[in-house]
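Residues per chain are reported as follows:
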Amino acid sequence: MRDRADFERYVEQRSDRMLRTAYLLCRDWATAEDLVQTALAKAWLAWRRVGDNPDPYVYRILANTHASWWRRRWRGEQPTEVLPEPAVGDAADLFGSRDAVRRALAGLPPKQRAVIVLRYFADLGDDRIAEILGCSAATVRSQASRALARLRVDPAARSAMSLEG
Amino acid sequence: MTPTETVTETELRDLLAGDAATAGSGGVTLAGVDRRVRRLRRRRAGAGAVLAAGLAAAVTVAATPRTVTIAPPGDGGPAAVAAVPTVGSYLTGERVFLSEAIETGGRVLTFTYTGISESVNVRVECRDPSYALVWLNGRLVTQGVCGIQSDDVDHAVSWTDESGGHLRGTNDVAVALVPVQRVAAGLEAGAPVPALGEREAERVIGESGEYRTGGRLTIRDAWPLVAAPTPISCDQDIVIRNPNGQEILSSACGDPTVVRSPGWPESWRWLEPGSGG
């Protein structure tokens, strides 16, 4: 049976990596800390049922909580009639900057972003990601494909990521 | 995978690794996690209190005095209709007829159990945010959200058969978990999820496809709580409705009397009439 010492060991060993994953999901360290604390707290409340490998469970809470917070924040935004002017910087900003890729990533829906982060940062296989996100591996593949396609259609991302060769 | 995609993936990996390395936080501490645990517990306790209040209200409704109509004096009718013990509510016992782990979602899992009570309580707990559907002897009897949902509450689906049917002996129970988004698609977050019909349930399960998840199905004995308000045990706890519509409420009695139901476990002896509850 999993006990408190087990949980403390898990927090000690995994929270740093988890925090970095959370940061990539939300792009804000304070929110990432909040996300990880919430995920670990929920995991502790269900610790006895979590099983031998808590990672999928904890990562799932992380991804779901992030998606849920993202939706709430999105609903709270006020629509405006006029689109904001895009920030125009120099050519390096637009075509060479990694910020452009970050912006493109930030524009992805939470599930697609989670797929990208879990696949390319956490180095998880599609089956594992499917388990975490509660969907099939085929869905993971299609979400990843859509996410990459969206990154490609973003001109700045396309340039920064050398997708056009 | 084409070479172009490989380049993309490599650059993407580098970008993510680089960004994640720019630690801008003090990190997560056990103390912080424990504080969050206490907050979650308070919120869940709050939600539990609301549920308990709802349950108490339901029991109150079940235990409210029955209304009887008296015939106008002089027409030879009885002064009051004798009350018949009524089934007010059910209590779940401690006998477990079935306890099965659920490891697959998007699929109907069927089990057989042998019960000794006329009623049963079916409970489904989920590791992941899910929507649970339960069939008893081929009939879709209950459904609902299961597991920790967006309200941070760990929901369970719990249903007690109150049909008065006989569930002694062998029965079939089936359960299916599907991702809650499948059922709540297009709904506002927090909006009530409309119940699925048999065909819709079948469709949603088919569309979900099988996936790994976690949960538990538990079936326990349940027994009817029989209330006999009047005149059997208390001849004043009664609502009398006169033919003119006027109601006379007499509440001289205290708590409603609970009569032991055949088959109740011995441990429930305290519920017998006169035991003081």
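Residues numbered from 1 in each chain as written. Chains lettered and ligands numbered in written order. Predicted model: local features only at pLDDT ≥ 70, side-chain atom pairs only at ≥ 80, totals over all residues. Heavy atoms only, no water.

All names here are of chain A. Close contact between helix α7 (residues 110-120) and helix α8 (residues 126-133) brings their axes to 10 Å; oriented N to C, the two are set at 140 degrees. In terms of axis orientation, α7 runs oblique to α8. Relative to α8, α7 is oriented so that their crossing is right-handed. Between α7, through Lys 111, Ala 114, Val 115, Leu 118 and Arg 119, and α8, the contact on the second element is made entirely by Asp 126, Ile 129, Ile 132 and Leu 133. Classifying every residue of the contact of α7 with α8 by side-chain character gives six nonpolar, no polar and three charged. (Axes fitted to C-alpha atoms, helices over the stretch in contact; angles between N-to-C directions. Helix = DSSP H or I, 4+ residues; strand = E, 2+ residues; numbered from the N terminus. Parallel < 35°, antiparallel > 145°, perpendicular 65-115°, else oblique. Left-handed = near helix turned anticlockwise from the far one by under 90°. Contact = heavy atoms within 4.5 Å. Nonpolar A, V, L, I, M, F, W, Y, C, P; charged D, E, K, R; others polar.)

This brings us to the packing of aromatic side chains. Residues and elements named next belong to chain A. Throughout the structure, instances matching the rule amount to five aromatic pairs over all chains. For the pair Phe 7 and Trp 44, a centre-to-centre distance of 5.0 Å together with 40 degrees between the ring planes defines the contact as tilted. Of this pair, Phe 7 sits in helix α1 (residues 4-26) while Trp 44 sits in helix α2 (residues 29-45), placing them 37 residues apart in sequence. Relative to Trp 47, the ring of Phe 7 has its centre 5.0 Å away and its plane inclined at 80 degrees; by these criteria the two rings are edge-to-face. With a gap of 40 residues between them, Phe 7 in helix α1 and Trp 47 in helix α3 (residues 47-50) connect regions that are remote in the sequence. Taking the relative accessible area as the measure of exposure, Trp 47 reaches 2% and is therefore buried. (Phe/Tyr/Trp six-rings, centres within 6.5 Å; stacked < 30°, edge-to-face > 60°. Buried < 20%, exposed > 50% of the residue type's maximum accessible area, 1.4 Å probe, protein only.)

Here we take up the pattern of salt bridges. Enumeration over the complete set of coordinates arrives at 16 salt bridges over all chains. Ionic pairing is found between Arg 4 of chain A and Asp 34 of chain B, a salt bridge with its closest N-O pair at 2.9 Å. Here Asp 34 of chain B lies in helix α2 (residues 30-63) and Arg 4 of chain A lies in helix α1, a pairing that spans two chains. With a relative accessible area of 26%, Arg 4 of chain A lands in the partly exposed category. Because the salt bridges share partners, they merge into one network encompassing Arg 4 and Glu 8 of chain A together with Asp 34 of chain B. (Salt bridge = Lys/Arg side-chain N within 4 Å of Asp/Glu carboxyl O.)

Side chains of nonpolar character tend, in soluble globular proteins, to be buried together. Grouped together as the largest cluster of nonpolar side chains are 60 residues, with contacts concentrated most on Leu 40, Leu 62, Leu 105, Ile 116 and Leu 133 of chain A. At 10 residues, α1 of chain A tops the list of elements feeding residues into this core. Once you skip the residues sitting within four places of it in the chain, Ile 116 of chain A turns out to touch Leu 105, Leu 108, Phe 121, Ala 144, Ala 147 and Leu 148 of chain A together with Leu 12 and Leu 16 of chain B. Within the second largest apolar cluster, 24 residues are counted, among which are Phe 97, Leu 109, Cys 126 and Ile 219 of chain B. (Core = buried A, V, L, I, M, F, W, Y, C linked by side-chain atoms within 4.5 Å.)

Per-residue pLDDT for chain A averages 76, and the proportion of residues at 70 or more is 73%. Counting interchain partners and residues more than four positions distant, the pLDDT-below-50 stretch residues 74-96 of chain A has 13 contacts. (pLDDT = per-residue confidence, 0-100.)

Attention now goes to the confidence of the model for chain B. Residue and element names in this part refer to chain B. The share of residues in chain B with pLDDT of 70 or more is 57%, and the mean pLDDT across the chain is 68. Mean pLDDT in chain B bottoms out at strand β1 (residues 67-69), which sits at 33, and peaks at strand β5 (residues 130-136), which reaches 93. Every residue in residues 247-261 is under pLDDT 50, and counting partners more than four places away or in other chains gives 44 contacts.

This brings us to the state of the cysteines. All names here are of chain B. This model, assessed by the stated rule, comprises one disulfide over all chains. The side chain of Cys 126 participates in a disulfide bridge whose partner is Cys 146; the two sulfur atoms lie 2.0 Å from each other. Residues Cys 126 and Cys 146 are joined through a disulfide that is right-handed, its torsion about the S-S bond being 100 degrees. Taken together, the residues Cys 126 in strand β4 (residues 119-126) and Cys 146 in strand β6 (residues 139-148) connect sequence positions 20 residues apart. What makes Cys 126 buried here is its relative accessible area of 1%. (Disulfide = S-S within 2.5 Å.)

Residues and elements named next belong to chain A. One way to put it is that α1 packs onto α7 with a least axis distance of 9 Å and a crossing angle of 145 degrees. The element α1 and its partner α7 pack so that their crossing is right-handed. In this structure, α1 uses Thr 21, Leu 24, Leu 25 and Cys 26 to contact α7, whose residues at the interface are Arg 113, Ala 114, Val 117 and Leu 118. Along the lines of polarity and charge, the residues of the contact of α1 with α7 split into six nonpolar, one polar and one charged.

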